[in-house]
Amino acid sequence: MRRIVKSLFTMGAAVLFLAACGQEAAQEDIRTVKIGVVGERNEVWEHVQQQLEENNEPVRIELVKFTEYVKPIQALEEGEIDLHAALTEIYMDQVNEDAGYSNTTIAYTTLNPMGLFSEKHESVDEIPDGVEIAIPDDVSNESRALLLLQAAGLIELDAEKGLLPTVNDITSNPKNLKFTVLAANQTARAMTDVDASVVNNDMAADAGLVPTEDAIFLEPVADSSKPYYNVIASREDETEDPDFQIIVDYYQTPEVEKIIDEVTNKSSIPVWE
């Protein structure tokens with residue numbers, strides 16, 4: 001009897017050992033993909049992570065948070081992260097061109113309209129002559145902000161400059177507005193010091209603003225908006241990575257679309273259809 005009990009105990013221990021080894025091996029087979037994001041609101045990616053785990057996919061995600069838009073592009077190029085999902089395509093392409101980087105779009109996520117916000121005025125028409133407006137300082141966001149102000153009827157721009165005008169390309173400024181150029185993550189904070197600020201969508205959200213409710217003018221959505229689509233990007237030589245495609249597939253779902261609508265109060269627009 002003692003021999004039987006000892007044998008059973010030995011067999012049980014072996015089974016547990018093999019099971020533990022199997023679990024450890026399975027854990028080793030799971031890849032963690034680091035994704036760069038900008039801003040603190042990441043409910044969508046938290047949902048994607050949960051779904052990857054619940055469906056026992058061989059990939060997990062780890063969010064790496066940045067406060068400046070250029071940082072994820074640099075981090076991807078330097079191998080510190082595997083993907084980023086925080087930037088417009090036009091901005092990424094401009095940084096690529098300037099720095100010789102290879103960040104490459106593998107999927108689209110949302111269009112996040114910029115807004116003109118003010119603590120002092122309730123409409124564009126109320127903005128008086130000669131006041132100060134804050135706009136982001138990087139090339140693509142500065143241009144986008146100026147195009148928004150043109151759409152709002154405050155200025156006119158040299159049409160030959162296309163999507164990349166600067167303040168030097170303003171051809172008409174009937175209210176003699178002054179423009180203060182700041183880092184994108186400072187324009188919301190500057191609202192107390194200026195008459196109005198052009199604020200990126202995610203920066204507005206981090207500041208507690210709801211673009212569809214709080215902006216006195218919101219960037220119009222049109223066919224010309226495509227350069228401002230936000231992207232998921234990888235390095236150029238890794239665009240076909242199958243694990244990245246799994247992540248994209250879990251992002252581009254009706255469930256994620258609903259979360260985006262709820263979290264942003266429909267201020268962000270899914271664009272992968």
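These figures come from a predicted structure and were not determined experimentally.

(A) Region of the structure containing unusual backbone geometry. Look at N56: it is not a glycine, yet its phi comes out positive at around 55°. A positive phi angle is found at K266, which is not glycine, with a value near 60°. Its place among the elements puts K266 in the loop between helix 9 (254–264) and strand 13 (269–270). Overall, K266 belongs to the exposed group, its relative accessible area being 60%.

(B) Layout of the packing of helix 2 (residues 43–54) against helix 8 (residues 242–251). Where helix 2 contacts helix 8, the axes come no closer than 9 Å and their chain directions differ by 115°. Regarding helix 2 and helix 8, the two cross each other, and that crossing is right-handed. In this structure, helix 2 contributes V44, W45, V48, Q51 and L52 to the contact, and helix 8 contributes I246, I247, Y250 and Y251.

(C) A look at the environment of S268. One can find S268 in the loop between helix 9 and strand 13. Taking the C-alpha atoms as reference, S268 lies 4.7 Å from N112; in sequence the two are 156 residues apart. Here S268 is in contact with T110, L111, N112, N201, I260 and D261, once residues within four sequence places are set aside. Polar side-chain contacts of S268 include one of 3.5 Å to the side chain of N201.

(D) Structural context of the sheet that holds strand 13. Taken in spatial order, the six strands make up an open sheet running 2-1-3-12-4-13, and their pairing is mixed. Strands at the two margins of the open sheet, each flanked by one partner only, are strand 2 (59–66) and strand 13. One ladder, built from two bridges, connects strand 4 (residues 103–111) with strand 13; its direction is antiparallel. Along strand 13, the bridge assignment pairs T110 with P270. Along the sheet, helix 3 (residues 70–77) contacts strand 1 (31–38), strand 2, strand 3 (83–88), strand 4 and strand 12 (229–235); its crossing angle with strand 3, the most-contacted strand, is approximately 145°.

(E) Geometry of the side chain of R235. Inspection of the secondary structure puts R235 in strand 12. Here the side chain of R235 touches I81 through a polar contact of 3.0 Å, landing on its backbone oxygen. Non-local contacts of R235, meaning those with residues more than four positions away in its chain, are made with L76, G79, I81, D82, S102 and T104.

(F) Highlighting the packing of aromatic side chains. Taken as a whole and judged by the stated rule, the model has four aromatic pairs. Here the aromatic residues W45, Y251 and W272 are joined through ring pairs into a cluster of three or more.

(G) Structural view of helix 2. In this model helix 2 runs 16 Å from its N-terminal to its C-terminal C-alpha over twelve residues, within 8% of the 16 Å that 1.5 Å per residue would give. Of the residues making up helix 2, those classed as buried are V44, W45, H47, V48, Q49 and L52. Here the buried face of helix 2 lies against strand 1, strand 2, strand 3, strand 12, helix 8 and helix 9. A positive backbone phi angle near 55° is found at N56, which sits one or two residues after helix 2.

(H) Local environment of the pattern of salt bridges. Applying the stated rule across the entire model yields six salt bridges. For R31, the salt bridge identified is with D241, shortest N-O distance 2.9 Å. In this pair, R31 sits in strand 1 while D241 sits in the loop between strand 12 and helix 8, placing the two residues 210 residues apart along the sequence. When its relative accessible area of 16% is taken as the criterion, D241 is described as buried. Taken together, the shared-partner salt bridges in this structure form one network comprising R31, D241 and D243.

(I) Here's a closer look at helix 3. P72, I73, A75 and L76 are the residues of helix 3 that are buried. Axial view of helix 3: buried residues confined to an arc of 165°, hence all on one face. Count one or two residues on from helix 3 and you reach G79, which has phi positive near 80°.

(J) Representation of the sheet that holds strand 11 (residues 217–218) in the model. Here five strands make up an open sheet; going across it, the order is 9-6-10-5-11 and the pairing mixed. Of all strands in the sheet, those bounded by a partner on one side alone are strand 9 (178–182) and strand 11. Most of the contacts of helix 5 (residues 139–151) go to strand 6 (residues 132–136), to which it runs at about 135°, and overall it touches strand 5 (115–117), strand 6, strand 9, strand 10 (196–199) and strand 11.

What counts and what doesn't
Along each chain, numbering runs from 1 in the same order as the chain's sequence is written. pLDDT decides what is reported in this predicted model: residues at 70 or higher carry local features, side-chain atom pairs at 80 or more are listed and counted, and totals for whole chains, interfaces and linings draw on all residues regardless. Hydrogens are left out, water is left out, and the side-chain values use all remaining heavy atoms of the structure. Only DSSP runs of H or I covering at least 4 residues are called helices, and only runs of E covering at least 2 are called strands; the numbering of each starts at the N terminus. Under the scheme applied here, a residue whose accessible area is under 20% of the maximum for its type counts as buried, over 50% as exposed, and between as partly exposed, the area being computed with a 1.4 Å probe on protein chains only. Here the axes come from fitting lines to C-alpha atoms, over the contacting stretch only for helices, and the angles between their N-to-C directions go from 0 to 180 degrees. The hand of a helix crossing depends on one turn: near helix anticlockwise from the far one by less than a right angle means left-handed, and clockwise means right-handed. Note on contacts: a residue pair is in contact if any heavy atoms of the two residues lie within 4.5 Å. We call two N or O atoms a polar contact when they sit within 3.5 Å, provided that within protein one can donate a hydrogen and the other can accept it, with sequence-adjacent residues counted only if both atoms are side-chain atoms. The pairing criterion is simple: DSSP has to find at least two bridges between the two strands. To pair, rings of Phe, Tyr and Trp, with the six-membered ring standing in for Trp, must have centres within 6.5 Å; the planes then decide the type, stacked if under 30 degrees apart, edge-to-face if over 60, and tilted in the middle. Expected helix span is taken as 1.5 Å per residue step, with the number of steps being one fewer than the number of residues. Counted as salt bridges are all cases of a side-chain nitrogen of Lys or Arg within 4 Å of a carboxyl oxygen of Asp or Glu. This arc describes the spread of directions from the helix axis toward the C-beta atoms.

Limitation: the analysis is restricted to geometry and does not speak to function.
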